[in-house]
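# Commentary on secondary and tertiary structure
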Amino acid sequence: MYARRRIAAVVGGLAVVVLVVAGVVGLTSMLSRSDAAPADPVAALLGDATTGAPGASEIPVPAQTGVAAQQPVTDEAADEAGGGASDAANEPGAADPCADPVFQQALASGSDADAIAAAGGAESFRSAIAAGAAPCVDLHEAGRTWVVVNKLNALDPIDYWPEPQARAEGVERTSGGHMRADVAAALSQLVTAARGEGAGGIGVNSGFRSYDFQVSTHRSYVGQLGQANADLTSARPGHSEHQTGLAVDVVACSEGCGTIERFGGTVQSDWVAANAHRFGFIIRYGDGDTATTGYEYEPWHLRYIGTDLAALYAAGGYRTLEDFFGMPPAPDYAD
Ligand SMILES: [Zn+2]
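Residues numbered from 1 in each chain as written. Predicted model: local features only at pLDDT ≥ 70, side-chain atom pairs only at ≥ 80, totals over all residues. Heavy atoms only, no water.

### Digging into unusual backbone geometry
A cis amide bond links Asp156 to the next residue, Pro157, at an omega of 0°. By the element assignment, Pro157 lies in the loop between α5 (122-130) and β1 (165-167). Backbone torsion omega between Glu163 and Pro164 reads -5°, so that peptide bond is classified as cis. Tracing the chain through its elements places Pro164 in the loop between α5 and β1. (Helix = DSSP H or I, 4+ residues; strand = E, 2+ residues; numbered from the N terminus.)

The structure is reproduced here in C-alpha cells:
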C-alpha cells in the first residue's frame, strides 16, 4: 500500500584498461490510491500574537540550490538487471557520514544545507540514513528540515518553538500565517512563481501552531469526533508538523481565498503538486498513503524539507517521508 524503493547497483567493470562502472539506481514507488477525504484541523487562530516574528522585509531569501543540480533518478526495472543488490543495506553511498569530521562540523553548525553537502549530496545523505548508517543524524530533532514528525515520532523537544518566524511576504492569508522565516521566504517564492506561471493565487491558511495550541485543538477534535476520528485529522500535541514551523496549509485565492477542503482539484493544487519541490516543499500526506502517514489525503498541507531533499524526493517518486528515510509506517500512535 505504501511506497517501496528499490535500488540496484549494477557494477560492470571487466575492461583491462578502463574501468567501467555502470551504476543504476532505480527508485520505484508503487502505490495504490484509495481514500481521499479532507479535513485538516483548524483554521489556525494561532501563533500570530505570540511569536514576535520579524517583519517580512527581514526575511532572508534562501539559496535556490539543488533543483537543477540534482541527478534525476531513473525509475526503471534496474532491479532485475542488477541481479539482486537492493534494499537499504546495500544502498550505494551508505557509508557513515558521521565518521567524517567535516560532516560533523557542518551538522553542529546548524546548517542543514551544509550538512547535506558535506555528506556528499542529498542522495548520499538520504541513503545513509535509510541504511541506518548515520547515527549522528536524529530524525526527531525538531529544528532540522529533515525532521520526521508522525504518530510514532514526537518532536524533540516536545514543546519545540521555532525561531525566527515570519509571514510570507506578498502572500494572502486567511488566518495565522507565521512559519519559520526560511520557510516563509520559500513560500513567498512559490506563490510568486505560481502566479507568474498562470496558476493563480495561493494563500496561507495555517502555518506554525504551538504545542499549547495543539493541546486545545486536539482536545476539541476529540470532543467532537471521538479519539479515533480525531487522530485521523488532527495531530496530538508534540506530533504535529505545524509545530515545527515547517508546515503550511495553503488555499486557492482569486476573489478572496477558499478553504483548505476546497483546495484539492483547483488549478493551484495541480500546480503545487507538480512544482512545490522546486521551492523545497512536498505534499506530506498523499492520496492513498494513509497506511504510512496516518493521515488522510491533504493536498493543502505542504511541508518544507529544503530544496536539496525536495528535488531528490520528487525525482525519486517518493510519496512519504517515512519511506524516503527508510522509517516504518506510522499509521497510529503506539498507545
Ligand atoms: Zn496542515
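Structure's up, so let's keep going.
### Some details on the coordination of the zinc ion
Any two of four tetrahedral donors ideally make an angle of 109.5 degrees at the metal, while pairs among six octahedral donors ideally make 90 or 180 degrees. Protein coordination of the zinc ion is provided by His242 (NE2), Asp249 (OD), Asp249 (OD) and His301 (ND1), with donor distances spanning 2.0 to 2.7 Å. Seen from the zinc ion, its four donor atoms lie at angles of 53 to 153°, and the figure they make is irregular. Donor residues binding the zinc ion come from one chain and are separated in sequence as H-x6-D-x51-H. A relative accessible area of 2% places His242 in the buried class. Judged by its relative accessible area of 0%, Asp249 is buried. (Donors = N, O, S within 2.8 Å, 3.2 Å for Na, K, Ca; no water. Tetrahedral: all angles 85-135°; square planar, octahedral: opposite > 155°, others 65-115°. Buried < 20%, exposed > 50% of the residue type's maximum accessible area, 1.4 Å probe, protein only.)

### Considering the packing of α5 against helix α11 (residues 307-315)
Two quantities define a packed helix pair, namely the angle between the axes and the distance from one axis to the other. α11 packs onto α5 with a crossing angle of 75° between their chain directions and a minimal axis gap of 9 Å. When the axes of α5 and α11 are compared, the pair comes out roughly perpendicular. Where α5 abuts α11, its residues Ala122, Glu123, Phe125 and Arg126 lie against Asp308, Leu309 and Leu312. Among the residues making up the contact of α5 with α11, the classes are represented as four nonpolar, no polar and three charged. (Axes fitted to C-alpha atoms, helices over the stretch in contact; angles between N-to-C directions. Parallel < 35°, antiparallel > 145°, perpendicular 65-115°, else oblique. Contact = heavy atoms within 4.5 Å. Nonpolar A, V, L, I, M, F, W, Y, C, P; charged D, E, K, R; others polar.)

### Looking at the nonpolar core
Counting 37 residues, the largest nonpolar core has Leu187, Leu190, Val248, Trp271 and Phe281 as its most contacted members. Those elements that place two or more of their residues in this core are α6 (181-196), β3 (201-206), β4 (247-254), α9 (267-275) and β7 (301-304). Broken down by element, the residue count for this core peaks at nine residues, all from α6. The residues touching Phe281, leaving out its near neighbours within four places in the chain, are Val183, Ala186, Leu187, Leu190, Val248, Ala276, Leu302, Arg303, Tyr304 and Ala310. (Core = buried A, V, L, I, M, F, W, Y, C linked by side-chain atoms within 4.5 Å.)

### Digging into the pattern of salt bridges
Evaluated as defined, the whole model comprises twelve salt bridges. Its salt-bridge partner being Arg236, residue Asp231 comes within 2.9 Å of it at the nearest N-O pair. For Asp289, the salt bridge goes to Arg319, with nearest N and O atoms at 3.0 Å. Here Asp289, found in the loop between β6 (281-283) and α10 (290-293), pairs with Arg319, found in the loop between α11 and α12 (321-324); they are 30 residues apart in sequence, far enough to count as distant. Residue Asp289 is classed as buried on the basis of its relative accessible area of 1%. Residue classification places Arg319 among the buried positions, given a relative accessible area of 15%. One salt-bridge network, held together by shared partners, links Glu241, Arg284, Arg303 and Glu322. (Salt bridge = Lys/Arg side-chain N within 4 Å of Asp/Glu carboxyl O.)

### Things to note about the side chain of Thr290
With respect to the element layout, Thr290 can be found in helix α10. Relative accessible area serves as the criterion here: at 13%, Thr290 is assigned to the buried category. Reaching out from Thr290, the side chain makes a polar contact with the backbone oxygen of Tyr295 at a distance of 3.0 Å. (Polar contact = N/O pair within 3.5 Å; in protein donor to acceptor, adjacent residues only side chain to side chain.)

### Regarding the layout of surface pockets
Any empty space left between atoms is shown by rolling a water-sized probe over those atoms. The calculated volume of the largest pocket comes to roughly 380 Å³. Taken together, 17 residues make up the lining of the largest pocket; nearest its centre are Ala273, Ile283, Tyr313, Tyr318 and Arg319. If you list the elements that add at least two residues to the lining of the largest pocket, you get α9, β6 and α11. (1 Å grid on protein atoms, 1.4 Å probe; cavity = no way out; pocket = protein on both sides within 12 Å on 5 of 7 lines; lining within 4 Å. Points joined across faces, edges and corners; volume = space filled by probe spheres on them.)

### Comments concerning the pairing of β3
The buried fraction of β3 amounts to six of the six residues, a majority that puts the element mostly inside the structure. Judged from the five bridges that link them, β3 and β4 form a sheet pairing that is antiparallel. When the bridges of β4 are listed, Val204 appears paired with Val250. (Pairing = 2+ DSSP bridges.)

### Considerations on the pairing of β7
The side-chain alternation of β7 yields two buried faces, one formed by His301 and Arg303 and the other by Leu302 and Tyr304. Bridge analysis of β4 against β7 gives three bridges, and the strand direction is antiparallel. Considered in β7, the bridge of Ala247 is made with Arg303. Across three bridges, β6 lies against β7 in antiparallel orientation. The residue bridging Phe281 from the neighbouring strand is Tyr304, located in β7.

### Notes on the packing of aromatic side chains
Applying the stated criterion to the full structure yields ten aromatic pairs. Aromatic side chains Tyr285 and Tyr295 sit 4.7 Å apart centroid to centroid with 45° between the ring planes, which places their arrangement in the tilted category. Of this pair, Tyr285 sits in the loop between β6 and α10 while Tyr295 sits in the loop between α10 and β7, and the two are ten residues apart along the sequence. The pair formed by Tyr285 and Tyr295 is uniform in burial state, with each residue classed as buried. Aromatic pair Tyr313 and Tyr318: ring centres 6.0 Å apart, planes at 35°, arrangement tilted. Assessed through its relative accessible area of 5%, Tyr313 is described here as buried. (Phe/Tyr/Trp six-rings, centres within 6.5 Å; stacked < 30°, edge-to-face > 60°.)

Purely spatial values, then, with no claim about function.
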